[in-house]
Amino acid sequence: MRSPQLLEIDRQDPAAVRVELLRELAACPAVVAPKYFYDALGSSLFAAITRLPEYYPTRTEAAIFTRHVDEIAAQLPSGLTLVDIGAGNCEKAARLLVPFKVRSYVAVDISVDFLGDSLARLQLQHPELPMLGVGTDFSRRLLLPAEAGDGKRLLFYPGSSIGNFAPAQALDFLRQLRQAAQGGGLLIGVDLLKPVAVLEAAYDDPLGVTAAFNRNLLRNLNHVIGSDFALADWRHVAFFDAPQSRIEMHLEARRSVKVRWPGGERAFVAGERIHTENSYKWRAEDFTAFLGDAGFSGIRCWTDERGWFAVFLAQA
C-alpha cells in the first residue's frame, strides 16, 4: 500500500501573520479573515456543521453528485489528476475517485495536520492511488508543487466556498484555478439564492455548532497572537444582507471588554462586532457568465429540484 505524501508550502512568516491580524483587529469595524476558522478544532467543528439538518449545502450538493455523477464523469477524459481545493476531511472527493477514474489525488487545505489525518484514512480505501496533501493558504494565492504532476487536472472546489470571496476576489481566484488546471477543467459547487429563513438557519443553527465554530476563531487568535479573548464575552451573529446578496457572520461583544496581546490592546464596547465571514449567494445564470469572464468555456450546470444549489463543470 502507498503512503500519502504531505507537503507544506508558501508558509506565511509568523511575524507577517501577526502584523496582518493586528491590522485587521485595529480596523473599524474589526475584521478577521475566515481562514483563521480552520485550525484542527475549527476543521472538526465545520465537519460537524455539514451534518446539521439546517445546513443544506452539503447534503444538497451530495444529492446532485449522486444523481448526476455518471453524466459528469462522461464529460471528463480519463487519467485526470483530481485537485481538491479546501479538502478538509476529503469525504466529498472520496465519492468521485472511482467514477472519475482519476490517476492521482491532490488534497489542498490550510490545516495541514487535519489534512494529514484525513489523507491517511482515505489511502486505506484506495491503497494504490497516488495521493498528495498540500498544506497552503490558497486564499492568498493558489500554488501547487511540482509533486502535483504534469498533465491535465480537474480542479474540484465544492461546498460553495467560492462564496467566501467578494466578487472581484472570486474572479481573480477562478482565473488562478483555470491556470492551475493545465488545460483540464473545474468542478465547482455554488450556493444559490433562496428564502432568507433557510439561509439564516443554515448559519445560525439551534444546536449552536456554528456559533462554536465562529467563536473558536477567537481561541485560535489567542494561540496565534497571544491575545486574551474570553469566548464567553462574545456571541455569534449571522444574517442575510440582501443588497450584497450574502450571509454575514460576526462576533458581537456581549459587554464592554478590553482585549490585550503582547505590545497592544483594544477596547470593544458592548454590541461592537468583529466581521468574520461573508458567504455570497448566486443566481445560476449569473455564475455561468462569471465563469465565462474568468476564461472558462463549455460550461455545464446541474441543480437540485428546488434550485437551491448548483454544480458547474467548465473547461479550462
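Residues numbered from 1 in each chain as written. Predicted model: local features only at pLDDT ≥ 70, side-chain atom pairs only at ≥ 80, totals over all residues. Heavy atoms only, no water.

Enquirer: Explanation requested: helix α1 (residues 14–26) in the structure shown.
Expert: For an α-helix, 3.6 residues make a turn, and residues three or four places apart therefore share a direction. The first and last C-alpha atoms of α1 sit 18 Å apart over 13 residues, in line with the 18 Å expected at 1.5 Å per residue. Where the residues of α1 are buried, they touch β2 (30–31), α8 (209–225), β10 (257–261), β11 (264–268) and β12 (273–280). (Helix = DSSP H or I, 4+ residues; strand = E, 2+ residues; numbered from the N terminus. Expected span 1.5 Å × (residues − 1). Contact = heavy atoms within 4.5 Å.)

Enquirer: What should I look at first to understand the pairing of strand β14 (residues 309–315) in this one?
Expert: In the case of a regular strand, side chains alternate between the two sheet surfaces. Of all seven residues making up β14, six are buried, and the element is well covered by its neighbours. Pairing between strand β7 (residues 185–191) and β14: seven bridges, direction antiparallel. Within β14, the position partnered with D191 by the bridge is F309. What sits between the antiparallel neighbours strand β13 (residues 297–303) and β14 is a turn of five residues, in which G307 has the positive phi angle 70°. (Buried < 20%, exposed > 50% of the residue type's maximum accessible area, 1.4 Å probe, protein only. Pairing = 2+ DSSP bridges.)

Enquirer: I'm lost on the pattern of salt bridges in this one. Help?
Expert: Charged atoms that come close allow side chains of opposite charge to pair. Per the counting criterion, the structure on display carries 17 salt bridges. Across the pair E91 and R51 runs a salt bridge, and its minimum N-O distance is 3.0 Å. Of this pair, E91 sits in helix α4 (residues 91–94) while R51 sits in the loop between α2 (40–49) and α3 (56–74), and the two are 40 residues apart along the sequence. A salt bridge links E305 to R67; the shortest N-O distance between them is 3.4 Å. Of this pair, E305 sits in the loop between β13 and β14 while R67 sits in helix α3; the two residues are 238 residues apart in sequence, bridging distant segments of the chain. Note on accessibility: E305 and R67 belong to one class, exposed. (Salt bridge = Lys/Arg side-chain N within 4 Å of Asp/Glu carboxyl O.)

Enquirer: Mind showing me how you'd approach the side chain of E277 here?
Expert: Mapped onto the fold, E277 is located in strand β12. The buried charged residue E277 lacks any salt bridge, with K281 as its nearest oppositely charged partner at 8.1 Å. Within the structure, E277 has its side chain in polar contact with the side chain of N164 (distance 3.0 Å). Those residues in contact with E277, other than ones at most four positions away along the chain, are P34, F37, N164, Y203, I247, E248 and M249. (Lys, Arg positive; Asp, Glu negative; His and termini not counted. Polar contact = N/O pair within 3.5 Å; in protein donor to acceptor, adjacent residues only side chain to side chain.)

Enquirer: Help me understand the packing of aromatic side chains, please; the structure alone is not making it clear to me.
Expert: The geometry of two aromatic rings is summed up by the distance between their centres and the angle between their planes. Considering all chains together, one arrives at 19 aromatic pairs under this definition. Both rings, one in Y56 and one in W308, keep their centres 5.5 Å apart while their planes meet at 70°; by these two values the pair is edge-to-face. Here Y56 is found in helix α3, whereas its partner W308 is found in the loop between β13 and β14, with 252 residues between them in sequence. Each of the two residues, Y56 as well as W308, counts as buried. Here W234 and F268 contribute two aromatic rings whose centre-to-centre distance is 5.1 Å and whose plane-to-plane angle is 80°, an arrangement assigned as edge-to-face. With a gap of 34 residues between them, W234 in strand β8 (residues 234–241) and F268 in strand β11 connect regions that are remote in the sequence. For the residue pair W234 and F268, the accessibility class agrees, reading buried in each case. Among the aromatic residues, those joined into a ring-pair cluster are F37, Y38, F46, Y55, Y203 and F213. In this structure, R306 is placed above the aromatic ring of W308, and the distance from its NZ or CZ to the ring centre is 3.6 Å. (Phe/Tyr/Trp six-rings, centres within 6.5 Å; stacked < 30°, edge-to-face > 60°. Lys NZ or Arg CZ within 6 Å of the ring centre and 35° of its normal.)

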